[in-house]
Amino acid sequence: GCAATGHTFPGATVPFGLVQTSPITGAIGWKYCSGYVYGDEHIWGFAQTTLNGTGCADLGNILVTPVTTCHDRKFHLSTYDKKSETARPGYYSVYLDETGVKAELTATPHVAYHRYTYQKSDSAAVLINLQHSPTWTEEQYHSHIQNCEVNWESDRIISGHIRNAVWVDKDVYFVVEFNRPMKRVKNLPLKGKEKGNWLLVSFDLEKGEQIEMKIAISSATIEGAFKNMKAELPEWGFEATCKKADEMWNDYLSRFNVEGTDEQKTNFY
């Protein structure tokens, strides 16, 4: 389903969740409606909203990429270890070769939860691309954002709002919170008709340490995103969030009663 034009994504979500946080391997053209094609060699980063099985491009909002020596937009792509990829309901993980980062994703209904373990001792940073969305053409990729707002709430929290138009016109309000203080935030230069910020957020980090980030979203207001964060994920705890996501899936899947052979039951599940 994740190969060719299967238009499905391998990322983390919960039943009926507004958030679908998933790896992105491309953005331009029909085959990238869900942002991910299994055979691609590079991961661009991890988006927080993803369409599944539509055959039409949209969402893919708030693309986040863990980076190290990134001083320019072109350095955010990374090859990845295909054998390291792990995907199960409510959890996704992969090892990014060029940056030496193990990336892990999980989610609640309205909050994406990322954990990045940096295996290299050089600078640690996170690139937040607010321009990103799958689009039909290269020109549309750089022009579909109609409005972008970014607010510095504290040394750990950024909030904001984007409005874009690909398949439909829509608003995404967000709150990004880190588990450690931001050392520096740099706006990278925009291209052409772009209005979506590219934010390079730097941290003081030693080899083997982790950056955790929570991204709450709302379709109504920034205040709504803050409320979603407070209601669903006010504390830190990646493993506990993964466990809860797994329990939510099991709760829904256990509503089925299925008869058949073990092989048939496995296929159905």
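Residues numbered from 1 in each chain as written. Predicted model: local features only at pLDDT ≥ 70, side-chain atom pairs only at ≥ 80, totals over all residues. Heavy atoms only, no water.

Some details on the overall build of the protein
Going by this rule: Starting at the N terminus, helices and strands are each numbered in turn, a helix being any DSSP run of H or I of at least four residues and a strand any DSSP run of E of at least two. Taken over C-alpha atoms, the radius of gyration is set against a globule rule of 2.2 Å times the number of residues to the power 0.38. Remark: exposure states derive from per-residue accessible area (1.4 Å probe, protein chains only) relative to the maximum for the residue type, with buried under 20%, exposed over 50%, and partly exposed in between. Residue contacts are counted whenever heavy atoms from the two residues lie within 4.5 Å of one another. Charge convention: Lys and Arg are scored as positive, Asp and Glu as negative, and His as well as the terminal groups of each chain are ignored. A single reference atom marks each charge: NZ on Lys, CZ on Arg, CG on Asp, CD on Glu.
Helix and strand counts for the protein come out as four helices and 16 strands. What you see for the protein is a C-alpha radius of gyration of 18 Å, in line with the 18 Å of a compact globule of 269 residues. With respect to the three principal axes, the spread of C-alpha positions in the protein is 60 × 40 × 35 Å. When each of the 269 residues of the protein is scored for burial, the buried share is 53%. Long-range contacts, defined as pairs at least 24 residues apart, comprise 62% of the intrachain contacts of the protein with a sequence gap of at least 6. For the protein, the centre of its 27 positive side-chain charges and the centre of its 33 negative side-chain charges are spaced 3 Å apart.

Focus on the nonpolar core
Selection rule: What we call a nonpolar core is a set of buried Ala, Val, Leu, Ile, Met, Phe, Trp, Tyr and Cys residues that are connected through their side-chain atoms within 4.5 Å.
Residues Phe46, Ile62, Tyr116, Val126, Ile128 and Phe178 are the most contacted members of the largest nonpolar core, which totals 40 residues. Contacts of Tyr116, omitting those with residues within four sequence positions, involve Phe46, Val64, Pro66, Val101, Lys102, Ala103, Val126, Glu209, Gln210, Ile211 and Met213. By size, the runner-up hydrophobic cluster in this structure holds 13 residues, among which are Tyr113, Val175, Ala225 and Phe238.

Looking at a nonpolar patch on the surface
Our working definition: Exposure above 30% relative accessible area and no salt bridge define the residues that can form patches, which grow by joining like charges within 9 Å and nonpolar side chains of Val, Leu, Ile, Met, Phe, Trp and Tyr within 5 Å. The method behind every accessible area is Shrake-Rupley, applied with a 1.4 Å probe, and residues are considered shielded solely by the protein chains displayed. Each salt bridge in this description consists of a side-chain nitrogen of Lys or Arg and a carboxyl oxygen of Asp or Glu lying within 4 Å of one another.
A grouping of Phe256, Val258 and Phe268 is seen on the molecular surface, where their side chains present a nonpolar patch of about 290 Å² in accessible area. Structurally, Phe268 can be placed in helix 4 (residues 262-268). A residue is classified by how much of its surface remains accessible, and Phe268, at 48% relative accessible area, is partly exposed.

Some words on the pattern of salt bridges
Counted by the stated rule, this structure contains eleven salt bridges. In this structure, Asp169 and Arg163 form a salt bridge, with 3.9 Å as the shortest nitrogen-oxygen distance. Judged by its relative accessible area of 27%, Arg163 falls in the partly exposed class. The shortest N-O distance in the salt bridge between Lys214 and Glu177 comes to 4.0 Å.

Description of unusual backbone geometry
Phi is positive for Phe16, which is not a glycine, with a value near 65°. The exposure class assigned to Phe16 is exposed, which follows from its relative accessible area of 75%. Of note, the phi angle at Leu59 is positive, near 55°, even though the residue is not glycine. Tracing the backbone through its elements, the reader meets Leu59 in the loop between strand 4 (45-47) and strand 5 (63-67). Taking the relative accessible area as the measure of exposure, Leu59 reaches 19% and is therefore buried.

Here's the deal with the sheet that holds strand 8 (residues 101-107)
Formally: Paired strands, as defined in this entry, are two strands with at least two bridges between them according to DSSP. Structural elements are reduced to axes, namely lines fitted to C-alpha atoms, with helices fitted over the stretch in contact, and the angle between N-to-C directions of any two is expressed from 0 to 180 degrees.
Spatial strand order, 3-6-7-8-9-16-13-12-11: nine strands in an open sheet with antiparallel pairing. Where the open sheet ends on each side, the last strands, each with one partner, are strand 3 (42-43) and strand 11 (145-152). Each of strand 9 (111-118), strand 11, strand 12 (157-165), strand 13 (169-178) and strand 16 (210-218) touches helix 2 (residues 222-232); the most contacted strand, strand 13, lies at about 50° to it. In the packing of helix 3 (residues 238-253) onto the sheet, the strands contacted are strand 7 (91-96), strand 8, strand 9 and strand 16, and the crossing angle to strand 8 comes to about 45°.

Examining the packing of aromatic side chains
Which entries qualify depends on this criterion: Between 30 and 60 degrees the pair is tilted, below 30 it is stacked and above 60 it is edge-to-face, where a pair is any two Phe, Tyr or Trp rings, Trp via its six-membered ring, whose centres lie within 6.5 Å.
Enumeration according to the criterion identifies nine aromatic pairs in this entry. When the ring of Tyr91 is compared with that of Phe238, the centres are 6.3 Å apart and the planes differ by 70°; the resulting orientation is edge-to-face. Pair noted here: Tyr91 is in strand 7 and Phe238 is in helix 3, with a separation of 147 residues, a long-range link. With respect to burial, Tyr91 and Phe238 carry one shared label: buried.

Structural notes on the side chain of Ser34
Relative to the elements of secondary structure, Ser34 occurs in the loop between strand 2 (20-24) and strand 3. With near-sequence residues (within four places) excluded, Ser34 lies in contact with His7, Thr8, Phe9, Ile24, Thr50 and Leu51.

Examining the environment of Tyr269
The residue Tyr269 is located in the segment after helix 4 in this model. For the pair Tyr269 and Leu253, spaced 16 residues apart in sequence, the C-alpha separation works out to 7.9 Å. When neighbours within four sequence positions are excluded, Tyr269 is seen to be in contact with Asn250 and Leu253.

Some details on the side chain of His142
Stated formally: Pairs of N or O atoms within 3.5 Å make up the polar contacts considered here, provided that, within protein, one atom can donate a hydrogen while the other can accept it, and that residues adjacent in sequence are counted only when both atoms are side-chain atoms.
With respect to the secondary-structure elements, His142 resides in the loop between helix 1 (138-141) and strand 11. Among the polar contacts listed, one links the side chain of His142 to the side chain of Glu194, at a separation of 2.5 Å.

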